[in-house]
Amino acid sequence: MMKKVVTLGEIMLRLSAPGFKRFVQSESFDVVYGGGEANVAVSLANYGYDSYFVTKVPNQEIGQSALNHLRRFGVKTEYIQKGGDRLGIYFLETGVSMRPSKVIYDRSHSSISEADAEEFDFDEIFKDADWFHFSGITPALGEKAAHLTDEALKAAKKHGVTVSVDLNYRKKLWTPEQAQKTMTNLMQYVDVCIGNEEDAELVLGFRPGNTDVTKGELELSGYENMFKQMMERFSFKYVVSSLRESYSASDNGWSGCIYDGNEFYQSRKYDVRIVDRVGGGDSFASGLIHGLLSGYNYKDALEFGVAASALKHTIPGDFNMVTIAEVEKLLKGDASGRVQR
């Protein structure tokens, strides 16, 4: 029997400036759908899980298009509610070389941000579930969304479900003070905490030493010390971070690290030429979840997540369209990019 995984969050309409055009140059936009937890749901469906996404979308054609997009990639949508006024939108301008990518949000008053927790039957949703994943983006959408997340977490733990969080700080949604007040309380339900150095500092108040990712400088001893502090405070089973060394908008060093309460481990590093970095962290989280659900030891689970995410950076759109076999091939050392005939 396939394992059941559940994610909760917002799916948005993504409007991207074509190619590497700037917003002010664009006369049209490319359309896809995406969002942190939806991206994780798609990856896990692609890996063969019964993957359920929980959200609320407007009862009109744009909301239906979002549902169709999820179904296209095997995500189960039975628990999605319909109603509210609108689907959130974000605009993306893809950066290159020394010019960074830009995101503009238009997501206020979206259906999920104003949804009531009572609209969702969480006992049914988490019945026979094995894993629940959420992120710091959802409670940042407003008081109702924070309450919805809290109720979902209580139900997940009631049903004995393993819980992971991607801390995912978004400065355009809330302040560090707001994030820490809300997210610190939610950590009591979390087994696996995922984030990067910025997330850990702004969402939970922990800083990894003298790391400066903008200069490509990582101080791993700082990460280990930070992980130990987080573990002591919140009793996580695992603390995990992606490690992004930003040489430019086009080229990054990409790896990850994990701590299980006894040992700190860093993965192999990949030098990535970026096609689309949106969803990179979500593909990392879903790869890690797959590894842990499949019985990998935590080091191999981390390696799978890092490799899966390295591949995602080469794929346009929010979703990671790679197979387990393709990730395993990269794990075996084949990063040549040679044509497959």
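To keep things clear, this report deals only with the structure shown in the data block.

**A few points about helix α7 (residues 220-234)**
For α7, with 15 residues, the first-to-last C-alpha span of 21 Å sits near the 21 Å given by 1.5 Å per residue. Taken together, the buried positions of α7 are G222, Y223, M226, F227, M230, M231 and F234. Considered in projection along α7, the buried side chains sweep an arc of 165° and stay on one side of the axis. When the buried face of α7 is taken as reference, the exposed residues oriented beyond 90 degrees from it are S221 and E232. The inward-facing, buried residues of α7 abut α5 (176-186), β11 (192-195), α6 (197-204), β12 (238-246), β13 (251-259) and β14 (264-266). In the segment just after α7, S235 is the residue with positive phi, at about 60°.

**Structural notes on the packing of aromatic side chains**
By the definition in use, this model includes 15 aromatic pairs. When the ring of Y47 is compared with that of F304, the centres are 5.6 Å apart and the planes differ by 75°; the resulting orientation is edge-to-face. Of this pair, Y47 sits in the loop between α1 (36-46) and β4 (50-54) while F304 sits in helix α9 (residues 298-312), and the two are 257 residues apart along the sequence. Both residues of the pair, Y47 and F304, belong to the buried class. An angle of 80° between the planes, with centres 5.0 Å apart, marks the rings of F126 and F132 as edge-to-face. Residue F126 shares its accessibility class with F132, and that shared class is buried. Across the ring face of Y52, the terminal group of K4 is positioned such that the distance to the ring centre comes to 5.0 Å. Above the face of the Y105 ring, R107 is positioned so that its terminal group lies 4.7 Å from the ring centre.

**With respect to the state of the cysteines**
Within this structure, the stated rule accounts for zero disulfides. C193 takes part in no disulfide bond, and the closest cysteine sulfur, belonging to C257, lies 12 Å away. C257 gets classed as buried once you look at its relative accessible area, which sits at 0%.

**Some remarks on the packing of α6 against α7**
Their axes nearest at 12 Å, the elements α6 and α7 cross at an angle of 40°. By the angle class used here, α6 and α7 are oblique. The two elements α6 and α7 meet at a crossing, and its hand is left-handed. Contacts between α6 and α7 pair E197, A200 and L204 from the former with Y223, M226, M230, R233 and F234 from the latter.

**With respect to unusual backbone geometry**
Although it is not a glycine, H109 adopts a positive phi angle of roughly 65°. On the secondary structure map, H109 appears in the loop between β8 (102-106) and α3 (122-125). Exposure remark for H109: the relative accessible area of 52% places this residue in the exposed category. Although it is not a glycine, S235 adopts a positive phi angle of roughly 60°. Looking at where S235 falls in the secondary structure, it is placed in the loop between α7 and β12. By relative accessible area, S235 is classed as exposed at 60%.

**So, the side chain of D50**
By the secondary structure assignment, D50 is in strand β4. A relative accessible area of 17% places D50 in the buried class. Discounting chain neighbours no more than four positions away, the residues touching D50 are M2, K3, K4, V5 and K76.

**Looking at the pattern of salt bridges**
Applying the stated criterion across every chain yields a total of 18 salt bridges. E10 is the salt-bridge partner of R107, the closest N and O atoms lying 2.8 Å from each other. You can see R107 sitting in the loop between β8 and α3 and its partner E10 sitting in the loop between β1 (4-8) and β2 (12-16), a full 97 residues away along the chain. For the residue pair R107 and E10, the accessibility class agrees, reading buried in each case.

**What about the nonpolar core?**
In this structure, F126, F132, M187 and M230 are the most contacted members of the largest nonpolar core, which totals 53 residues. Apart from the residues lying within four places of it in its own chain, the contact partners of F132 are V6, T7, L8, F126, A152, L153, A156, V161, T162, V163 and S164. In terms of nonpolar packing, the next biggest core, distinct from the first, is built from 33 residues, W254, F284, I289 and V327 among them.

Each value, and the rule that gives it
- Residues numbered from 1 in each chain as written.
- Predicted model: local features only at pLDDT ≥ 70, side-chain atom pairs only at ≥ 80, totals over all residues.
- Heavy atoms only, no water.
- Helix = DSSP H or I, 4+ residues; strand = E, 2+ residues; numbered from the N terminus.
- Expected span 1.5 Å × (residues − 1).
- Buried < 20%, exposed > 50% of the residue type's maximum accessible area, 1.4 Å probe, protein only.
- Arc of directions from axis to C-beta.
- Contact = heavy atoms within 4.5 Å.
- Phe/Tyr/Trp six-rings, centres within 6.5 Å; stacked < 30°, edge-to-face > 60°.
- Lys NZ or Arg CZ within 6 Å of the ring centre and 35° of its normal.
- Disulfide = S-S within 2.5 Å.
- Axes fitted to C-alpha atoms, helices over the stretch in contact; angles between N-to-C directions.
- Parallel < 35°, antiparallel > 145°, perpendicular 65-115°, else oblique.
- Left-handed = near helix turned anticlockwise from the far one by under 90°.
- Salt bridge = Lys/Arg side-chain N within 4 Å of Asp/Glu carboxyl O.
- Core = buried A, V, L, I, M, F, W, Y, C linked by side-chain atoms within 4.5 Å.

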